[in-house]
Amino acid sequence: MEAAIHLLSKFIDDHGQDPSLCCIKIDMFNAFNNCFRDSFLLRLRKELPEIYSWALWCYYSKGELRFGNHRLQSSGGVQQGDPLGPLLFSLVVLELMDDIGSAGKVPLQLWYLDDGTFIGPRPAIAQLFHLLQSRGPSVGLLLNPTKCEVFWPSGNQKFSEFPSEVQRVVGSVGGVEFLGSPVFGSEEYYCGHIAKRVDKVLQCQEKLLDMDDPQIQLLLLRSCLSSCKIDNLLRTVPPNKGIQQLAKFDSNLRVCLDAIIRCSTSDMSWLQASLPVRQGGLGLREAVRMSSSAFIGNCNSVRSLCSRLLPTAPLLQESVPNSNYSSPDFSAFPGDSAAKDHIRSLVPDSLDTIDLTACDIH
């Protein structure tokens, strides 16, 4: 998932000034419940015949849903809570991807279950959109145009190739998120997105203080309401965007700790509390201190996967004849330099230099 976020962000950063391209995010009506069972069963028999009989036994008969005195027959979609559900749904999407691959030149296609994002020449993306509208119903997937978003940093922002119901996003006044992380937009959009995520955690932390059991409070704070709630943002958003919101998060985390232990922590005590439990701390990691290393480390871990997902230079040049696209370069991701500068700023003044060779992405 994080590889897809980094890949989309890098592709936009590298080619955002090409006005012939655009990006579209698609949304579908209740996709998991509407997909046709015969579609994923037939595909399953082809791709994974070893588990076909089991899936057929689970989904061949209609399920009965009870609501009061009413009885409803469930005959479509994947069952909620089924461990095979995501796999079976992905097979339905695979049917659509086969159609998309033969329909036009769309160099970058990213799917995560029912979340699809595509980048390519504007005519090809428009053709793809109409293809999803026309062929999606054959497998039970219905496009929801009012929740689809089209955007690009350059070129005509009217996107006249697409129906009027599709949302147009202008980066100077708004932004776009992908799988929960902002990937395009203004500085205000990034800060606002992070602030909303932080505020939701702060509301839960306030409820936590209503409990009257310090041990349970501390356990829940560390395991459920600390930096683990925003790990996805720390790993995918450059730390120079939204640093004030992260500082607010850390400040409130410290306030919660003070309320739980019934005393005020000193700066040195708070620093020790941020250490792992095995090193004598409380495991309450500071988001600001961790943001840069989390971002760089995640970029490095997904580098190989991104290089396999990103289209090769010949493919994009074939799709966009006038493009100056070169081979993918993952020596750095957007925000990498800012992250390393932030790490250096956290080093005590008594240390003259810091070697970030281990963090280098190459």
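Up top is the structure.
The shown structure was predicted, so the numbers you read here are calculated from the model rather than taken from an experiment.

**Quick look at the sheet that holds strand E4 (residues 108–112)**
Move 1: Taken in spatial order, the 5 strands line up as E4-E5-E1-E6-E7 in an open sheet, and their pairing is mixed. This sheet does not close on itself; its edge strands, each paired only once, are E4 and strand E7 (167–169). Sheet twist, expressed as the average angle between the axes of neighbouring strands with direction ignored, equals 15 degrees.
Move 2: In the sheet, strand E6 (residues 149–151) pairs with E7 via 3 bridges, with the strands oriented parallel. Residue pairing across strands places Glu149 opposite Gln167, the latter belonging to E7.
Move 3: Of the strands in this sheet, strand E1 (21–26), E4, strand E5 (115–121) and E6 are in contact with helix H1 (residues 2–15), which crosses E4 at around 155 degrees.
Move 4: Its contacts with the sheet place helix H6 (residues 122–135) against E1 and E5, and it is angled at close to 145 degrees to E5.

**A word on the pairing of E5**
Move 1: Counted residue by residue, E5 has 6 buried out of 7 residues, so it is predominantly covered.
Move 2: Taken together, the 6 bridges between E1 and E5 define a ladder with antiparallel strand orientation. The residue of E5 that forms the bridge with Leu21 is Pro121.
Move 3: As judged from the 5 bridges shared by E4 and E5, these two strands associate in the antiparallel manner. In the strand pairing of E5, Trp111 is matched with Gly116.

**Details of the pairing of E1**
Move 1: For E1, the buried fraction is high: 6 of the 6 residues fall into the buried class.
Move 2: Side chains of E1 alternate between two faces, with Leu21, Cys23 and Lys25 and Cys22, Ile24 and Ile26 buried alike.
Move 3: Here 3 bridges tie E1 to E6, and the two strands are oriented antiparallel to one another. Among the inter-strand pairings, Cys23 is bridged to a residue of E6, identified as Phe151.

Definitions and limits used
- Residues numbered from 1 in each chain as written.
- Predicted model: local features only at pLDDT ≥ 70, side-chain atom pairs only at ≥ 80, totals over all residues.
- Heavy atoms only, no water.
- Pairing = 2+ DSSP bridges.
- Helix = DSSP H or I, 4+ residues; strand = E, 2+ residues; numbered from the N terminus.
- Axes fitted to C-alpha atoms, helices over the stretch in contact; angles between N-to-C directions.
- Contact = heavy atoms within 4.5 Å.
- Buried < 20%, exposed > 50% of the residue type's maximum accessible area, 1.4 Å probe, protein only.

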